Amino acid sequence: MLRIYQNSYRRTAKRAVVYSTKVACCNHSTLCSITSHPRRPPHSQHASGNGRYRRHEEFLLAGNPARGWSIPPPSRGYGMLVVRILRGALKLRYLVLGGAIGGGVSLSKKYEDWKDGLPDMKWLQDAMPQGERWSQFSKNLLEVGAVVKNAIDIDPELKQLGEDKLSEWRSWFDSRLDDAIEAADYQGVQIVETKEDLASKTTVAALGITTDESRKKFEMMQNQVETLQTEIMNVQIKYQKELEKMEKENRDLRTQFLLLKTNKKTSAKKIKKSLIDMYSEVLDELTGYDTGYTMADHLPRVVVVGDQSSGKTSVLESIAKARIFPRGSGEMMTRAPVKVTLAEGPYHVAQFRDSEREYDLTKESDLAELRREVEFRMRASVRGGKTVSNEVISMTVKGPGLQRMVLVDLPGIISTMTVDMASDTKDSIHQMTKHYMSNPNAIILCIQDGSVDAERSNVTDLVMQCDPLGRRTIFVLTKVDLAEELADPERIRKILSGKLFPMKALGYYAVVTGRGRKDDSIEAIRQYEEDFFKNSKLFHRRGVIMPHQVTSRNLSMAVSDRFWKMVRETIEQQADAFKATRFNLETEWKNNFPRLRESGRDELFDKAKGEILDEVVTLSQISAKKWDDTLNTKLWEKLSNYVFENIYLPAAQSDSFNTMVDIKLRQWAEQALPAKSVEAGWEALQQEFISLMDHSKKSQDHDGIFDQLKAAVVDEAIRRHSWEDKAIDMLRVIQLNTLEDRFVHDKAEWDQAVKFLETSVNAKLVQTEETLAQMFGPGQMRRLTHWQYLTQDQQKRRSVKNELDKILKNDAKHLPTLSYDELTTVRKNVQRENVDVDTDYIRQTWFPVYRKHFLHQALQRAKECRKAYYLYTQQGAECEISCSDVVLFWRIQQVIKITGNALRQQVINREARRLDKEIKAVLDEFSEDDDKKAHLLTGKRVLLAEELIKVRQIQEKLEEFINSLNQEK
């Protein structure tokens, strides 16, 4: 292609040359006369000129001897230059264009490969609420509120209260919805690339940029996608809880309005529940009571078991007359036990146990939302890298013509695990299935896929182990329409007569659960099932299958009859068992805790919450003097080391002590002092609060069961709490102004400063003595009495110390550092004792020795300055006795006092209240976390009370159910 363009450029250039030649001939008469003759013109024509035209002629003839003419040199040079530039520019453009096209194709292919490798986010888009749907939902809520407001004439005060509450809910709901939409948009921005982004990437690839940046961006996007998935899941869970809480509060508030309007009592009438609802509540109580499978729960229920993709869920949906479960193409969809309570009712609706929302199963939109909610709850129940969960998802389905029963759909049994499953998935499913089937009163609904070979089934052997006699097993053969085409009818007859498998059963049924289409309704599936069995050859040949053994309708009636028969036969026995358990637990409680009432975790937590909040109130009642003492002590603990190491000792080494002190103090106040002061104030607040908590433990009414909970709440609140930032700037101004004062005002302050100096120096002297004791070892008396010996290093240190003591004895006002001559003298003197040390070793020994010497001198100066106040007031800085040390510590003492006073006001006015808010927030979070409460409120007393309360509730519900069951008889 480039060759074609080059040839085109050459032809264009030749035309330009010819054209320029003709123009030149027309403009120059002499040249025209020359080029008009093919042969060489007479010499006389050029001899008359000045030589310029002659040279030009010779040049033309030399350039084209055959024709005798050519282009004038200036025109030809410019033309060729333009042609060359044009040709190079066009050539470069097409080179760049070709490289960009090739690089774009390569990068586009790599981008498609990367996009195919991303995880499937379709389920996340289904789980996230859509903007239009929630906008419609918000409008519906407003319409309902308008109808209720118009239908009920509410008292104006209550009406205003309800409107305020509604506006609060509405603002909260809008903010949460905006957060969810922003999260979804953010996800889209991170995952989906626009055409402009792809074009920019193509340009970058065409320019030859390496793929390191793309690889880093891809890894970053992967991490962002994973983080976003977790955040969206947590937001969805929290959003669901808050929405359910808001619905409950709205319902309670509306009930109160109605009761107040009609002047009724607050106790609402007890609504009569159906038998199946009462029985389902008993099973729910048992599920929460026996989450660890430690108790033998023998109440009847229908357990649906089968191999994966055998049609378990489809059978359950056919019995419930609604497609209520998410669908999958061969993948595991049931990840947790799903307890479905079927009951007869005027409307076909579904409802979760922990939610007040009802899903209209006659509307496809509600069915889709119900399936998404089931899938979301299943995924949320799986934690810690597991594939399946033991947490039961409980729902109720009501509708006309539904058979009353309780079914539990379990994860399908697998024989091989995939790479995305946890290592214990297979064993977990087997253990879960065996647990439910081991209940002697459970009805086992064994599902067998009729479209596969019966020998490949895993469920039949497992069922036979739990129910070898088949007294509570009902066998169901699914996908019979496919089995008819693949299998021999005689083999199907053997399966449904119980002669093919060694497993025994109460009954054998054949059903058709659909045509493999996800969009088919239950009505269409049932019609297809009935048409199939009417026209099937299984009914011919002398009746391979009996009519009562086919269709989901006959199956549901048989399972329901067997379920209620099992309930009536065993419920009395189970109630007696729980009654005996309750009696034993009550006896154990009376023997161990005779003076205490049975209080569960929720009641104990409320009691502990009240005690903690009462102690927070006590924090504001601490006296000002105690706050000052605590704050001053804590401040000096934080500041003392800096004062000695960075201010006092460096200033003492300089010639101008006061100037150095002023510089150091100002730097300190502008930088580190305010932050250290706030840190000291926070530690003082923490210390006083913990002291109050510890003091409450000494009271007679103290209950030790709350100690762990209180400690956890206090630690978490203190960890979250931080001092206000503006306090640092306020303290900086106060401290700078205080340090500007350099004159001690009266004798009392002078005496306090002297005492403060002596106390501080003595404390520092004790630390120095401890350092010296570790460096030089025990004294002679201690070595004799305690049988201790000096190490080799300690012996060397003692030899060096003796020489250093001589230097200080000869010069009491020695500088803090040793000169080179002094170091040499010390090293040579100890060499005489066969001790070889270097100069660094001598300096290390000198520092603590000199510090002890300096601190003793400081104590002596403080003693001399004790009675020199009046001399100081008269002579000032020119006083005969140097009392600059006292003035320095007076200034520091004043700063500590002023800072402590400011911190005390901050604690009483602001920080105590802010800490109170933090503690309340922590308590509210802990109150909603059952795992946290179980971890913090533990012990035999709590466990026994929890078990007793739960057994009492179960036993009472069982008795209520038995009374209603007897009345129905």
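Fair warning: this is a prediction, and the values are worked out from it, not measured in the lab.

A. Spotlight on the overall build of the protein chain. Each helix and strand in the protein chain was counted, giving 35 helices and 9 strands. Each of the 969 residues in the protein chain was classed as buried or not, and the buried ones make up 41%. Taken as a whole, the protein chain presents about 55,200 Å² of accessible surface, with 51% of it coming from carbon and sulfur.

B. Structural context of the side chain of serine 552. For serine 552, the location among the structural elements is in helix α20 (residues 552-592). At 2.8 Å, the side chain of serine 552 forms a polar contact with the side chain of serine 318. With residues near it in sequence (within four places) discarded, serine 552 still touches Ser318, Val511, Arg526 and Glu529.

C. A look at the packing of helix α23 (residues 657-670) against helix α33 (residues 884-928). For the pair α23 and α33, interaxial distance at closest approach is 11 Å and the crossing angle is 15°. By the angle between their directions, the pair α23 and α33 is classed as roughly parallel. Of the two possible hands of crossing, α23 and α33 adopt the one that is right-handed. Of the residues in α33, those touching α23 at Phe657, Asn658, Val661, Asp662 and Leu665 are Ser884, Asp885, Leu888 and Arg891. Here the contact of α23 with α33 is composed, by residue class, of 4 nonpolar, 2 polar and 3 charged.

D. Structural detail: the sheet that holds strand β1 (residues 302-306). Spatial ordering of the open sheet is given by β4-β3-β5-β2-β6-β1-β7-β8-β9, a layout of 9 strands whose pairing is mixed. The open sheet has two edge strands with one neighbour each: β4 (359-360) and β9 (507-510). Here helix α12 (residues 312-320) sits on the sheet and contacts β1, β2 (338-344), β5 (393-399), β6 (405-409), β7 (443-449) and β8 (473-478); the angle it forms with β6, its principal contact strand, is near 160°.

E. Structural detail: the environment of alanine 368. Mapped onto the fold, alanine 368 is located in helix α13 (residues 364-381). Taking the C-alpha atoms as reference, alanine 368 lies 8.6 Å from proline 326; in sequence the two are 42 residues apart.

F. Main features of the pattern of salt bridges. Following the criterion strictly, the structure yields 50 salt bridges and no others. Of the charged contacts in the structure, one is a salt bridge between glutamate 586 and arginine 952, with a shortest N-O distance of 3.3 Å. Here the residue glutamate 586 occupies a position in helix α20, and arginine 952 occupies one in helix α35 (residues 940-968), the gap between them amounting to 366 residues. Exposure remark for glutamate 586: the relative accessible area of 22% places this residue in the partly exposed category. A salt bridge links arginine 719 to glutamate 716, with the nearest nitrogen and oxygen atoms 2.5 Å apart. Of this pair, arginine 719 and glutamate 716 both sit in helix α25 (residues 707-720), 3 residues apart, which is roughly one turn of the helix. By relative accessible area, which is 58% here, arginine 719 ends up exposed.

G. Structural detail: the nonpolar core. Within the largest apolar cluster, 101 residues are counted, with the highest numbers of intra-cluster contacts made by Leu619, Trp750, Leu888 and Ile919. If you tally residues by element for this core, the top one is α33, at 17 residues. Among all residues touching leucine 619, those that are not within four sequence positions of it are Trp627, Leu685, Glu688, Phe689, Leu692, Ala912 and Leu915. Counting residues in each nonpolar core, the second largest holds 66 residues, with Val282, Val304, Ile324 and Phe593 among its members.

H. Region of the structure containing the environment of threonine 581. Here threonine 581 lies in helix α20. Given the relative accessible area of 26%, threonine 581 is considered partly exposed. Residues threonine 581 and valine 951, 370 residues apart in the sequence, show an inter-C-alpha distance of 7.4 Å. A polar contact of 2.9 Å, which involves the side chain of threonine 581, links it to the backbone oxygen of alanine 577.

Scoring rules and cut-offs
- Each chain carries its own residue numbering, running from 1 in the written order of its sequence.
- Reporting of local features is limited, given that this is a predicted model, to residues whose pLDDT is at least 70; pairs of side-chain atoms are given and counted only at 80 or more, and all residues count toward the totals for whole chains, interfaces and linings.
- Hydrogens and water are ignored here; the side-chain numbers use all heavy atoms of the structure.
- A helix here means a DSSP run of H or I that spans at least four residues, while a strand means a run of E at least two residues long, and both kinds are numbered starting from the N terminus.
- We call a residue buried when its accessible area falls under 20% of the maximum for its residue type, exposed when it is over 50%, and partly exposed in between, using a 1.4 Å probe and counting protein chains only.
- Values of accessible area rely on a 1.4 Å probe in the Shrake-Rupley scheme; residue burial ignores everything except the protein chains shown.
- Polar contact is defined as a pair of N or O atoms within 3.5 Å, subject to the rule that within protein one atom must be able to donate a hydrogen and the other to accept it, and that residues adjacent in sequence are counted only when both atoms are side-chain atoms.
- Note on contacts: a residue pair is in contact if any heavy atoms of the two residues lie within 4.5 Å.
- The axes are straight lines fitted to the C-alpha atoms, using for helices just the contacting stretch, and the angles between their N-to-C directions are given from 0 to 180°.
- Each angle gets one of four labels, with under 35 degrees taken as roughly parallel, over 145 as roughly antiparallel, 65 to 115 as roughly perpendicular, and the rest as oblique.
- Crossing handedness follows the turn of the near helix against the far one: under a right angle anticlockwise gives a left-handed crossing, and clockwise gives a right-handed one.
- In the scheme used here, Gly and all other residues not listed as nonpolar or charged are polar, with Ala, Val, Leu, Ile, Met, Phe, Trp, Tyr, Cys and Pro taken as nonpolar and Asp, Glu, Lys and Arg as charged.
- If DSSP finds at least two bridges between two strands, the strands pair.
- Note on definitions: salt bridges are taken to be side-chain nitrogens of Lys or Arg within 4 Å of carboxyl oxygens of Asp or Glu.
- In this description, a nonpolar core means a group of buried Ala, Val, Leu, Ile, Met, Phe, Trp, Tyr and Cys residues linked to one another through side-chain atoms lying within 4.5 Å.

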